[in-house]
Amino acid sequence: MAAECELSGFTTQVFFLAGLGIDREMRSMAGEDDNQFARLANQARQLMLPGEMGERFKAMAWTRGLDRELSGFALQDLRHTL
C-alpha cells in the first residue's frame, strides 16, 4: 500500500528558519535582554550563513491530507529542482 504522501516543501535551512520566524523566536526568548539576543543571533548565524549550515542543510516536508501552506517554505520552495 502506498503512503499517499506528497512533497509539500523543499528548501535550504536558511530559508526554512527565516520562514518560521527565527528572528521573532529569538526576540521572544531574549525578552528585553539585548546581550542574550546577541548571543542567540550569533548562534543563529552559524545555522544560517551560506558558508556554514545555511545552504548545506536542507529541509523537506512530506504531508498527507494537509490543506494549507507550510510557513517554513513560504520564502523559497525548491521542489522544482528535484
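Quick caveat, the model's predicted, so the values are computed rather than measured. (Residues numbered from 1 in each chain as written. Predicted model: local features only at pLDDT ≥ 70, side-chain atom pairs only at ≥ 80, totals over all residues. Heavy atoms only, no water.)

> Please explain the packing of aromatic side chains as it appears in this structure.
Think of a pair of aromatic rings as described by two things: how far the centres are apart, and how the planes are tilted against each other in angle. According to the stated counting rule, one finds 1 aromatic pair in the structure shown. A centroid spacing of 5.4 Å and a plane angle of 55° characterise the contact between Phe 16 and Phe 73, whose relative ring orientation is tilted. Placement of the pair is Phe 16 in helix H1 (residues 13-20) and Phe 73 in the segment after strand S2 (58-63), with a sequence separation of 57 residues. For Phe 73, a relative accessible area of 8% translates into the label buried. Over the ring of Phe 37 we find Arg 27, and its NZ or CZ is 4.0 Å from the ring centre. (Phe/Tyr/Trp six-rings, centres within 6.5 Å; stacked < 30°, edge-to-face > 60°. Helix = DSSP H or I, 4+ residues; strand = E, 2+ residues; numbered from the N terminus. Buried < 20%, exposed > 50% of the residue type's maximum accessible area, 1.4 Å probe, protein only. Lys NZ or Arg CZ within 6 Å of the ring centre and 35° of its normal.)

> In this structure, what is going on with helix H2 (residues 22-30)? I would like to understand it.
It helps to recall that an α-helix has 3.6 residues per turn; residues three or four apart then point in one direction. Regarding H2, the residues found buried are Ile 22, Met 26 and Ala 30. Down the axis of H2, the buried side of the element spans an arc of 65°, and every buried residue falls inside it. Pointing more than 90 degrees away from the buried face of H2 are the exposed residues Arg 24 and Ser 28. Buried residues along H2 sit in contact with H1 and helix H3 (34-48). (Arc of directions from axis to C-beta. Contact = heavy atoms within 4.5 Å.)

> Explanation requested: the pairing of S2 in the structure shown.
A regular strand places its side chains on the two faces of the sheet in alternate fashion. On S2, burial follows the alternation: Ala 59, Ala 61 and Thr 63 on one face are buried, whereas Lys 58, Met 60 and Trp 62 on the facing-out side are not. Pairing of strand S1 (residues 6-12) with S2 involves 6 bridges; the strand directions are antiparallel. What sits directly across from Leu 7, in S2, is Trp 62. (Pairing = 2+ DSSP bridges.)

> For this particular structure, what's the right way to read the packing of H2 against H3?
A pair of packed helices is characterised by two quantities: the angle between their axes and the separation of those axes. In the contact formed by H2 and H3, the axes pass within 9 Å of each other and the chain directions differ by 150°. Judged by the inter-axis angle, H2 sits roughly antiparallel to H3. Pair H2 / H3 crosses with right-handed handedness. In this structure, H2 contributes Ile 22, Asp 23, Met 26, Arg 27, Met 29 and Ala 30 to the contact, and H3 contributes Asp 34, Gln 36, Phe 37, Leu 40, Ala 41, Ala 44 and Met 48. (Axes fitted to C-alpha atoms, helices over the stretch in contact; angles between N-to-C directions. Parallel < 35°, antiparallel > 145°, perpendicular 65-115°, else oblique. Left-handed = near helix turned anticlockwise from the far one by under 90°.)

> What's the story with the pattern of salt bridges in this structure? I'm lost.
Charged atoms that come close allow side chains of opposite charge to pair. Per the stated rule, a full pass over the model turns up 2 salt bridges. Put simply, Asp 34 and Arg 27 hold a salt bridge, and the shortest N to O gap is 3.7 Å. Residue Asp 34 is classed as exposed on the basis of its relative accessible area, which comes to 54%. Among the residues examined, Arg 27 registers a relative accessible area of 34% and is labelled partly exposed. (Salt bridge = Lys/Arg side-chain N within 4 Å of Asp/Glu carboxyl O.)

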